Amino acid sequence: MGCQMNRLDSELVISRLRAAGHEMTDDRKSADVVLFNTCSVRRHAEQKVYSRLGAEGQRKQHNRRLIVGVLGCMAQREGEQLLRNHPQVNIVCSPGQLARLAELIEHVAGTGGAVLALDPDRRARGGGAEEEADRDEFDALDLSRDPSQSPSVAQAFVRVARGCDKFCSYCIVPFVRGPEVSREPSRIVQEVLRLVEAGRTEVTLLGQTVNSYRWCDGGRTVGFAGLLEQVAAVGGLRRLRFVTSHPLDFGNDVLHAMRDLPNVCPYIHCPAQSGSDAVLRRMNRKYTRAQYDDLVDRARGTVPDVVLAGDFIVGFPGESEEDHAASADLIRRSGYKNSFIFKYSPRPGTAAARMRDDVPTEVKRWRNNDLLAVQAEVGLAHHRSYIGRTVEVLVEGPSPRAAKQPTPAPPGQTQMLGRTRGDHIVVFDGEPNLAGHYVDVRIADASALTLMGSINLDVS
Ligand code: SAH
Ligand code: SF4
Ligand code: F3S
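Everything numeric in this text was worked out from a predicted model, so none of it was measured.

## Digging into the overall build of the protein chain
Turning to step 1, where the next piece is worked out: A tally of helices and strands in the protein chain yields 15 helices and 19 strands.
Turning to step 2, where the next piece is worked out: For 460 residues, the compact-globule estimate of 2.2 N^0.38 gives 23 Å, and the C-alpha radius of gyration of the protein chain, at 23 Å, lies within 12% of that figure.
Turning to step 3, where the next piece is worked out: When each of the 460 residues of the protein chain is scored for burial, the buried share is 52%.
Turning to step 4, where the next piece is worked out: Long-range contacts, defined as pairs at least 24 residues apart, comprise 72% of the intrachain contacts of the protein chain with a sequence gap of at least 6.
Turning to step 5, where the next piece is worked out: Carbon and sulfur atoms provide 50% of the accessible area of the protein chain, an area that totals close to 20700 Å².
Turning to step 6, where the next piece is worked out: When the 59 positive and 58 negative side-chain charges of the protein chain are each reduced to one mean point, those points stand 4 Å apart.

Have a look at this one:
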């Protein structure tokens, strides 16, 4: 129910449970085990889980043997309280303990009781540099991956680091995902190699702040640019992507790697969060507006056709009209393809939760809509600049909104959806069996979020 890291964890858990003899079902009512992989980043994400837990509680009255598990970030944030307040829950399992899940299910099935598997609490330890992450075990889940189980025919996520040490004042992630630990480069390269051997051609490297990747071994240090170089060298890998980047760690070496390595995609998701220095300071983002503007200029000056995407939080404590206008200005200046815009949601235990949440709900809503409108305008101009161009598209499958087409697709064809190297969504009429292939599409029209075109007939 959360970010890409959460989706990757779900995929790895499913693969591991299959190996332990479990099977997935499409029919929730027939399940013996129901697992929620949860997110704590905003209150809304947690509320969705509570309402689903309510429904499972009802089912449990009729099926006492039903096993209900809460996995991931909320499990770590709430811990024992989840068991105390929700008697229908049998398993509470933090992100770092997911490799043990099959064992936990077996234990609960055998005893009918409840189990807690939590990561060390960062709040108790103060989150300082003295933390020692368990370097041998932390990527056990990744190491056990069965590459043939990746759900997409062509695409896969690969974790390069766990956790976050940035401690942005609003953010729960450093508390629920623990200290930042990078994986050994050879393990990452091996995993990519195995995925490519299993037919995947596009890999997205994942980290909370992926570009702060840093591996030190004896006298040797591999930074993110070095990692990109090693992974890009895997033969048969057509596209290499990465998310999410932190502006502070975006050096020119990474931009040069993006420019020089042909399979690294020219797409940077690098959240700004705010365009105002005063707000950035209170957010503990550790960079200024001028530094962010400089990153945008360096990226545009170095990487041809670079595409940028952002995240913004509206209504952070103390945000004035002027601060808000600075965020709108930053969206215009950066020319983002798209931005994710969120209303500030106080998270217990974070530094910002101790500030007064003084921007009224209606103002948050207005600012949210205002930034969405500015982004729609900027996104439309960005997408329209592709009209007349031919772009390489990796086809993902039929477009979920195919029915809304004004003219029906020709016989044997349906509206297909895919992505460019710059992460633009492209829709075009084509045959359903194109999923997983690369095609050239000539762009005829565009909206704020989508390119529309027709296929050139060379399929590769
Ligand atoms: N690791 C990533 C993203 C973390 S969470 C990064 O640092 O970029 C994804 C997004 O959720 C953030 O970029 C931020 O915009 C938003 N977010 C995080 N905490 C939030 C909160 N308390 N309220 C509202 N939005 C939040
Ligand atoms: Fe959260 Fe900041 Fe870390 Fe991103 S960099 S995960 S926003 S603390
Ligand atoms: Fe949510 Fe955890 Fe991801 S809090 S955003 S699922 S790291």
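Next comes the rest of the description.
## Quick look at helix α15 (residues 361-384)
Turning to step 1, where the next piece is worked out: The end-to-end C-alpha distance of α15 is 34 Å, a good match for the 34 Å that 24 residues give at a rise of 1.5 Å each.
Turning to step 2, where the next piece is worked out: Of all the residues in α15, the buried ones are K364, R367, N368, L371, V374, Q375, V378, G379, H382 and H383.

## Digging into the sheet that holds strand β5 (residues 155-159)
Turning to step 1, where the next piece is worked out: Pairing within the open sheet is parallel, and its three strands lie in the order β5-β8-β11. Two strands in the sheet have a free side with no partner beyond their single neighbour: β5 and β11 (239-243). Recorded for the sheet is a direction-independent mean angle of 25° between the axes of neighbouring strands.
Turning to step 2, where the next piece is worked out: In terms of strand pairing, β5 meets strand β8 (residues 202-206) through five bridges, oriented parallel. Each bridged residue has a counterpart across the sheet, and for A156 the counterpart in β8 is V203.
Turning to step 3, where the next piece is worked out: Lying over the sheet, helix α9 (residues 185-197) contacts β5 and β8, oriented at roughly 165° with respect to β5.

## Topic: the site of ligand 3
Turning to step 1, where the next piece is worked out: By nearness alone, every residue bordering ligand 3 is listed as G2, C3, N6, T38, C39, S40, V41, C73, R177 and Q208.
Turning to step 2, where the next piece is worked out: Here the shell around ligand 3 is composed, by residue class, of four nonpolar, five polar and one charged.

## So, the site of ligand 2
Turning to step 1, where the next piece is worked out: Taken together, C164, K166, F167, C168, Y170, C171, V173, P174, T209, H246 and R285 make up the full set of residues near ligand 2.
Turning to step 2, where the next piece is worked out: The residue makeup of the shell around ligand 2, split by class, is seven nonpolar, two polar and two charged.

## Here's the deal with the nonpolar core
Turning to step 1, where the next piece is worked out: Counting residues in each nonpolar core, the largest one holds 54 residues, and the members touching the most others are L205 and F242.
Turning to step 2, where the next piece is worked out: By residue number, the principal contributor to this core is helix α10 (residues 224-232), which donates six residues.
Turning to step 3, where the next piece is worked out: Leave out the neighbours within four places in its chain, and F242 touches T204, L205, V210, F224, L228, F250, V254, M258, V264 and Y267.
Turning to step 4, where the next piece is worked out: Counting 37 residues, the second largest nonpolar core, distinct from the first, contains L101, V108, A309 and L434.

## Brief notes about the domain arrangement of the protein chain
Turning to step 1, where the next piece is worked out: For the protein chain, the assigned domains are domain 1 (4-119), domain 2 (129-384) and domain 3 (390-459).
Turning to step 2, where the next piece is worked out: Distance from the C-alpha centre of domain 2 to the C-alpha centre of domain 3: 27 Å.
Turning to step 3, where the next piece is worked out: Note on domain 2 versus domain 3: buried area summed over both sides is about 1700 Å², and carbon and sulfur give 51% of it.
Turning to step 4, where the next piece is worked out: When the area that domain 2 buries against domain 3 is broken down by residue, the three leading residues are R238, R239 and H383, summing to 38%.
Turning to step 5, where the next piece is worked out: Inspection of the region where domain 2 meets domain 3 yields four salt bridges.
Turning to step 6, where the next piece is worked out: With its nearest N and O atoms 3.1 Å apart, the salt bridge here joins E392 to R238.

## Thoughts on the environment of A257
Turning to step 1, where the next piece is worked out: Locating A257 in the fold gives a position in helix α11 (residues 252-260).
Turning to step 2, where the next piece is worked out: Separated by 61 residues in sequence, A257 and V196 place their C-alpha atoms 21 Å apart.
Turning to step 3, where the next piece is worked out: In contact with A257, not counting residues within four places along its chain, are A225 and L228.

## Concerning the packing of aromatic side chains
Turning to step 1, where the next piece is worked out: Inspection of every chain in the model, using the stated rule, returns seven aromatic pairs.
Turning to step 2, where the next piece is worked out: The interplanar angle of 85° and the centroid separation of 6.3 Å between the aromatic rings of Y170 and F316 together place this pair among those described as edge-to-face. Here Y170, found in the loop between β6 (161-162) and α8 (173-177), pairs with F316, found in the loop between β13 (307-314) and α14 (321-334); they are 146 residues apart in sequence, far enough to count as distant. Side by side, Y170 and F316 carry an identical accessibility label, which is buried.

## Notes on the pattern of salt bridges
Turning to step 1, where the next piece is worked out: Within this structure, the stated rule accounts for 38 salt bridges.
Turning to step 2, where the next piece is worked out: For R159, the salt bridge identified is with D9, shortest N-O distance 2.8 Å. With R159 in strand β5 and D9 in helix α1 (residues 4-19), this residue pair connects regions lying 150 residues apart in the sequence. The pair R159 / D9 is uniform in exposure class, with both members buried.
Turning to step 3, where the next piece is worked out: D423 serves as the salt-bridge partner of R419, at 3.3 Å between the closest nitrogen and oxygen.
Turning to step 4, where the next piece is worked out: Residue classification places D423 among the buried positions, given a relative accessible area of 13%.

Conventions and cut-offs
Residues numbered from 1 in each chain as written. Chains lettered and ligands numbered in written order. Predicted model: local features only at pLDDT ≥ 70, side-chain atom pairs only at ≥ 80, totals over all residues. Heavy atoms only, no water. Helix = DSSP H or I, 4+ residues; strand = E, 2+ residues; numbered from the N terminus. Rg over C-alpha atoms; globule rule 2.2 N^0.38 Å. Buried < 20%, exposed > 50% of the residue type's maximum accessible area, 1.4 Å probe, protein only. Contact = heavy atoms within 4.5 Å. Areas by Shrake-Rupley, 256 points an atom, 1.4 Å probe, with all protein chains shown as cover. Lys, Arg positive; Asp, Glu negative; His and termini not counted. Charge placed at Lys NZ, Arg CZ, Asp CG, Glu CD. Expected span 1.5 Å × (residues − 1). Pairing = 2+ DSSP bridges. Axes fitted to C-alpha atoms, helices over the stretch in contact; angles between N-to-C directions. Near = heavy atom within 4 Å. Nonpolar A, V, L, I, M, F, W, Y, C, P; charged D, E, K, R; others polar. Core = buried A, V, L, I, M, F, W, Y, C linked by side-chain atoms within 4.5 Å. Domains from an automatic or database assignment. Buried area = accessible area lost by both parts, 1.4 Å probe. Salt bridge = Lys/Arg side-chain N within 4 Å of Asp/Glu carboxyl O. Phe/Tyr/Trp six-rings, centres within 6.5 Å; stacked < 30°, edge-to-face > 60°.

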